Each structure stands twice: as structure tokens, then as C-alpha cells.
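Tertiary structure, described
Spelled out, the chains give:
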Amino acid sequence: MELKNDLYLRALRREATERTPVWLMRQAGRYLPEYRKVRAKAGDFMTLAGTPEMACEVTIQPLERFPLDAAIIFSDILTIPDAMGLGLHFVQGEGPRFAEPITDVAQIGQLPIPDAEDLQYVMDAISLTVKTLNGRVPLIGFAGSPWTLFTYMIENGGSKTFAKSKAMLYKNPEAAHQLLDKLAQSTVKYLIGQIQSGASAVQVFDSWGGALSPADFKTFSLRYMQQIVDGIKDAGYGDTPVVLFSKGANQSLTALSETGCHGLGVDWTINLDDALKLTGGQVALQGNLDPATLYAPDDHIDQAVKQVLDSYGNQPGHIFNLGHGMQPDMEPEKVALLVDAVKRHSQR
Ligand SMILES: Cc1c2[nH]c(c1CCC(=O)O)Cc1[nH]c(c(CCC(=O)O)c1C)Cc1[nH]c(c(CCC(=O)O)c1C)Cc1[nH]c(c(C)c1CCC(=O)O)C2
């Protein structure tokens, strides 16, 4: 499909663009009243994500409001553990839970490695969305990093300390590596399936990479994201950009830039000029406005956007984004302001 707006893809290839492209992590979701309407109709989250027509509708909702330069397929990172048989559901006010979490290392050997066809609803949502977008902007596919999925599967949800998942790394490293390898293998299949269904680029969300020490990060997170980057290349999809986003892992930006990925997500705790030095211009950078800036007065947002653009310098290879996702209590009007500010301040 010929793209009418390919700024995001050109920036990922570090080509010069007439302005900086912008999209926002978790740009579809509860801060939009039109999302809450469809969400209520669906009843539960998995019905929404699992029904291609509804997933397509909420994927496009933010683009109807704001002139964003990319769409991201509406789904969740926990679809893979669900396809492995863990039984994902969302508990009101508590977040994700599994009917069958991993409580015993003996379960790990029995876990299947799902194929893309086992997640056919995601493939169908992507092909329908690409068709509906009709070349308006690229569609981004995504998955969770093996380490981030591992934490949810072992903790049975979110965690502040990662006590169970880290204890397993140290007490049962073999079983931990077996699970991480299975997750990496299924993620390769999943992301290739998304590319074949029409995704123009894929992003790996390593939301909890920053919970690990730099040494443990290399052993338990980076290594498996490397397996994903290599797996996609080895299957002949090396031209499709892969973006890695390890939140809180700025210490490891150099190592991340050496994986052969095309872009890196950057959180807001580092300036982009420093991130550029650490990555040596080998990859595009995506970020990195503090999402909480959206709670600030309008003129503050405008200046903060300009600061992020300035800290990258006026050079190719920047995709504007938040340093993490949108929150349900954020105001859509502030997003409109942000997107407008990016366009105004980055016009070349
Ligand atoms: C850690 C993580 C998850 N899911 C995701 C991550 C990585 C990104 C990050 O670090 O924020 C990724 C994700 N989840 C969702 C998207 C949609 C695409 C987008 O617009 O960016 C993406 C990219 C939709 C969603 N995924 C979820 C929602 C909210 C569910 C709802 O509408 O009820 C959305 C819009 C559910 C979800 N899924 C997860 C959590 C913690 C929650 C929130 C639970 C809650 O607060 O009730 C796991």
C-alpha cells in the first residue's frame, strides 16, 4: 500500500524530513470519551482487542482527533502469555491477571510456543486497519519484551519490587532462560505475522527493562530482544524497522543501539543530546517528553516540546513521542496542543 504520509518511516531510516513526525504511546485508550464508549459496548478489554472491527475503530480514533503521523494497532502486550494458555483477564482497578500464572518452574517445559495463527484476531485487526487507513499513515505493530512478559507471568500482574520474578532469575536461571527463550521465539513469529498482515514497523515494549541492573539487563532482557531483532532479519524482514523501548534503561542505550534495531525509544530521564552521544547516531531516537507535561498549563507544554526538539538538534532521525504512555486522566485538548507544537517548532 502506497503511504501518503511516510514521515515516521523516513525518520526511522534517519532520512531528512520536512518536520519531525509525532505519535504517542498508548494514544488510544481511556482518556478518549469515544474509546470509553466502544469499551463499554465491548464489555471487557479482551473482547475489544479480540474483535477486529472494534480494535480497528479504536486504533483510528486518535487519528480522527489529532494529525498524528502513525497509528499503533490496538491490542496488548499480554496476548502472547494468553495464547500460551495462561488465561488473561483484567480486574477492575487492579490491572492484568492470569487464571493460570506460572507458580512452579515445572510448568515452563509444558508451555507451547504459539504461532501467529494462534493470534489470528491480532492479524485480522491489523489487515483490517491497514485497509481502512488506506495509506493515510503507517501502522505500527508491537509486542512486549520477553523480560517484561516474564514479570507479568511470574508475578501474576504488575509489581513494584519484582520479588518473585527476580528470585527466579537467581534461583532457577535455567528455567528462567527457558521461559525467556520461549517468549522470544513466539514473539519473533508474532511480529513476523504482524508484518505479513501489513504493519509497517514493529515496536518492542520493554517496560520493565529498567528494573534490572545493567549486567542483569544484558543477560535477561537485551539478549532476548537481540534474538527478536535477529529472528526478524533472518526471516527476510530486515527492511522492516524494529524499535526497542527499554524504559528506565538509559545506562544500556549504547548496548541497545548495537543490536541492529532501527530505532530506540527513550524515556524522559535523559536529554536527547546525551542519548545521541550514547547511541553514536547508529539508530533513530523516539521520545521523550515527560508524559506528566500533559498536566501542565498550555505555555509550559509548548516550551517543553520545543526543549525536546532542541535537545535532539535539527538533524535527521527523531520521532517525537512521550517518554512513556498516555494516562486515563489526561485531557485530549492538551494532546492537540502538543501535536500542534511539535509541528510548529520542527518545521524546517
Ligand atoms: C505494560 C504494558 C501493558 N500493555 C502494554 C504495555 C507496555 C506499554 C507500557 O509500558 O505502558 C502495551 C499496550 N497496551 C495497550 C496498547 C494500545 C496501543 C496504543 O494506543 O499505544 C499498548 C501499546 C492498550 C491497553 N491495555 C490496557 C488498556 C486499558 C484497559 C481498559 O480499557 O480497560 C489499554 C487501553 C490494559 C493494560 N495492559 C497492561 C496494563 C498495565 C494495563 C492497564 C490495566 C488497567 O489500568 O486497568 C500491560
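Residues numbered from 1 in each chain as written. Predicted model: local features only at pLDDT ≥ 70, side-chain atom pairs only at ≥ 80, totals over all residues. Heavy atoms only, no water.

**Side note on the UniProt feature "binding site: substrate" (unreviewed entry) in the protein**
Sites flagged by UniProt as "binding site: substrate" (unreviewed entry) map to R26, Q27, A28, G29, R30, D76, Y152, S207 and H324. Lining the largest pocket, from the set of annotated residues above, are R26, A28, G29, R30, D76, Y152, S207 and H324. Mapped onto the elements, Q27 comes out in the loop between α1 (7-12) and α2 (33-42). For A28, the position within the fold is in the loop between α1 and α2. Of the residues examined, A28 reaches a relative accessible area of 13% and is grouped as buried. In this view, A28 contacts V58, P62 and F74; residues no more than four positions away in its chain are not counted. (UniProt positions renumbered as here; feature names shortened; annotations may be inferred. 1 Å grid on protein atoms, 1.4 Å probe; cavity = no way out; pocket = protein on both sides within 12 Å on 5 of 7 lines; lining within 4 Å. Helix = DSSP H or I, 4+ residues; strand = E, 2+ residues; numbered from the N terminus. Buried < 20%, exposed > 50% of the residue type's maximum accessible area, 1.4 Å probe, protein only. Contact = heavy atoms within 4.5 Å.)

**Regarding the pattern of salt bridges**
For the structure on display, the rule yields 13 salt bridges. We note a salt bridge from D115 to K189, for which the minimum N-O separation is 2.7 Å. One end of the pair, D115, is in the loop between β3 (95-98) and α6 (120-133); the other, K189, is in helix α9 (residues 173-196), and 74 residues separate them in sequence. Taken together, the shared-partner salt bridges connect D6, R10 and E18 into one network. (Salt bridge = Lys/Arg side-chain N within 4 Å of Asp/Glu carboxyl O.)

**What to know about the environment of G157**
Turning to its location among the elements, G157 is positioned in the loop between α7 (146-155) and α8 (163-171). Taking relative accessible area as the criterion, G157 reaches 2% and is therefore assigned buried. For G157, the residues in contact, after removing those within four places along its chain, are P96, R97, T151 and Y152.

**Let's talk about the side chain of S207**
Tracing the chain through its elements places S207 in the loop between β5 (201-206) and α10 (214-237). S207 has contacts with T148, F245 and K247, leaving out every residue within four places of it along the chain.

**Some words on the side chain of T187**
Considering the arrangement of structural elements, one finds T187 in helix α9. Among the residues examined, T187 registers a relative accessible area of 0% and is labelled buried. Once residues within four sequence positions are removed from consideration, T187 is found in contact with I80, A143, G144 and I228.

**With respect to the sheet that holds strand β7 (residues 263-265)**
Pairing in this open sheet of 7 strands is parallel, and the strands run β1-β4-β5-β6-β7-β8-β9 from one edge to the other. Every other strand in the sheet has two partners, leaving β1 (71-72) and β9 (318-322) as the edge strands with one partner each. Taken together, the 5 bridges between strand β8 (residues 284-289) and β9 define a ladder with parallel strand orientation. For Q286, the partnering residue across the bridge sits in β9 and is I319. (Pairing = 2+ DSSP bridges.)

**Observations concerning the site of the ligand**
With respect to spatial proximity, 22 residues lie near the ligand, and among them R26, Y35, D76, S207 and H324 are the closest. Between the ligand and Y35 there is a distance of 2.6 Å, counted from an oxygen atom to a side-chain nitrogen or oxygen. With respect to the ligand, the side chain of H324 contributes an N or O atom lying 2.6 Å from an oxygen atom. The protein chains hide 88% of the 880 Å² of surface that the ligand would expose on its own. The site holding the ligand turns out to be the largest pocket. Residue classes in the shell around the ligand are distributed as 12 nonpolar, 6 polar and 4 charged. (Near = heavy atom within 4 Å. Polar contact = N/O pair within 3.5 Å; in protein donor to acceptor, adjacent residues only side chain to side chain. Areas by Shrake-Rupley, 256 points an atom, 1.4 Å probe, with all protein chains shown as cover. Sits in = over half its atoms within 2 Å of the grid points. Nonpolar A, V, L, I, M, F, W, Y, C, P; charged D, E, K, R; others polar.)

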